[in-house]
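An overview of the molecular structure
Spelled out, the chains give:
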Amino acid sequence: MAVKVRYAPSPTGSPHVGNLRTAIYDWLLAKKEGGEFLVRLEDTDRSPDRYAPESIADIEESLRYLGILPDSWWVTGGKDTPYVQSERLPLYAEIVEGLIAQGHAYKCFCTKERLEQMRQRQQELGIPSGYDRRCRNLPLDDRARYEAENLPYVVRLAMPLEGTCLLKDAVRGEVKYEYRLQDDQVLLKSDGFPTYFLAATVDDRLMGITHILRGEEWLGSAPKMIHLYNVLEWEAPVFAHLPVILGTDRKKLSKRHGSTNFRAFIEQGYLPEALINFLVLLGWSTGEENRELLSINEIIERFSLSGITEHPAIFDYEKLKWMNGHYIRSSQPGRITGLCIPYLVKAGLLSNPPTPEEVAYARRIIPLEQERMKVLSEVVDLVGFFFKELNYPNGYDEKAIAKWMGVAHIKALLEKEIAAFESLPEWTTEAIEAASRAIGEELGVKFAEVVHPTRVATTGQTVGPGLFETLWALGRERTLERLRTVLAHLS
Ligand code: GLU
């Protein structure tokens, strides 16, 4: 049987790491098995804190960004259209009617107030909370009367009162549940929208899904869904519950650990291949020791559900940054430059849109920082000195001044450099370096005693890319101007 998987995000906000990991695993399984990957929007929870329609664009963009495009979804359509649950309401209503007619589901007229009182009582008595099944056993004439009065109702699934449910999970192995401990789950809400349990089950069946990959937090819903499959006489797909993701302190991943949603990743500047490599390892491994850097093709070749562990996955931001730095360094400079320019525009260092001269400047300076960049947004700080209005000593690092601007040969050095740089026939890294070496020899100082003060004088700081590349990228005019300003001040 051909594999068919679905990623089923709810538009509750920008997709977070857990969502993205599920989507990546779905995509990988489909790729590996030559199967189909569809994406379905689960938008049936309309409560204001759970429904954020603007996040639908984020869901779409995240998949495009990662390059894990589905074979079918609401964006392109496909043979299982519609892919948006709120457009499928009649399908769920029809199934629910059948369930009620067969006695597998029932209308519940209990008011919010009654349910609240019930919950409180259960708490006081210290018994597990859950619906007390009052309406499951409602006398027939009461039900007829409530219906005649058009009282609002929900539809609940009548769970078996005995027996065990056996879940054969592809990750966790066999998990058993006592049916009698399961709540009579709401399937259809009073607003006519289905709950997740009903909608996901019906859609997975109608869409022919073979494998359900989802977060471990959904494990508790498995017995209810399996029971639904049983009473509908449908064969259940394979379930694979993906391990929970924790922070390095082994607490549930949250904002405290750093932003972990798609928007934040994009804003900070993570490359898609780094995100995929990192996220895929949150709960899956190749089994090969010390194998962490994997290309997408290597991952596809190796991916299988059996490589997924049930142990919690640890989200280590430092590791993600390290990985991203690796992929930045191994990218073509032109790509990184193109990706960095928008950050410089946003920071106001380049005009919007940048002029051709600015783009040419960016092309010279950004590749010099590529080695040191861990996330693209760092480019703003890293190349800041290329743009700064340095007016000695304003804008200069105080420690750098104290260390290098007071050395005995400073004035002679600056004078000679200005003279030499003015008359260089060509402004190339090699020519700048040769001139600097010659000046060092003339002055009888070590090469480092040329390099360090020159760096401070021209950049305001002691760290940065290679000095001669830096001067070349700064350009002759800017370099001379900075050297002259320092000299004027020191004289
Ligand atoms: N709509 C659910 C969510 O966003 C999907 C759970 C599932 O994959 O079945 O978490």
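These numbers were taken from a predicted model, which means no experiment stands behind them. (Residues numbered from 1 in each chain as written. Predicted model: local features only at pLDDT ≥ 70, side-chain atom pairs only at ≥ 80, totals over all residues. Heavy atoms only, no water.)

**Quick word on the packing of aromatic side chains**
- One pass over the full model with this rule turns up 18 aromatic pairs.
- Put simply, the rings of Tyr361, Phe385, Phe386 and Phe387 pair up and form one aromatic cluster.
- Positioned over the ring face of Trp472 is Arg364, at 5.9 Å from the centre of the ring.
- The positively charged end of Arg437 is found above the aromatic ring belonging to Phe447, 3.8 Å away from the centroid. (Phe/Tyr/Trp six-rings, centres within 6.5 Å; stacked < 30°, edge-to-face > 60°. Lys NZ or Arg CZ within 6 Å of the ring centre and 35° of its normal.)

**Some words on the nonpolar core**
- Residues Phe315, Ile366, Phe386 and Phe421 are the most contacted members of the largest nonpolar core, which totals 105 residues.
- In terms of residue count, helix H1 (residues 17-33) provides more of this core than any other element does, nine residues in total.
- Among all residues touching Phe315, those that are not within four sequence positions of it are Val17, Ile245, Leu246, Gly247, Thr248, Leu253, Thr260, Phe265, Phe278, Leu282 and Leu320.
- Of all hydrophobic cores here, the second largest spans 36 residues; its members include Leu187, Phe197, Val231 and Phe239. (Core = buried A, V, L, I, M, F, W, Y, C linked by side-chain atoms within 4.5 Å. Buried < 20%, exposed > 50% of the residue type's maximum accessible area, 1.4 Å probe, protein only. Helix = DSSP H or I, 4+ residues; strand = E, 2+ residues; numbered from the N terminus. Contact = heavy atoms within 4.5 Å.)

**Focus on the packing of helix H9 (residues 272-280) against helix H11 (residues 317-329)**
- Where H9 contacts H11, the two axes come as close as 9 Å, and the packing angle between them is 140°. One finds that H9 runs oblique with respect to H11. Regarding H9 and H11, the two cross each other, and that crossing is right-handed. Residue-level contacts link Glu273, Ala274, Leu275, Asn277 and Phe278 of H9 to Lys319, Leu320, Met323, Asn324 and Tyr327 of H11.
- Of the residues assigned to the contact of H9 with H11, the class counts are six nonpolar, two polar and two charged. (Axes fitted to C-alpha atoms, helices over the stretch in contact; angles between N-to-C directions. Parallel < 35°, antiparallel > 145°, perpendicular 65-115°, else oblique. Left-handed = near helix turned anticlockwise from the far one by under 90°. Nonpolar A, V, L, I, M, F, W, Y, C, P; charged D, E, K, R; others polar.)

In short, shape yes, function no, at least from these values alone.
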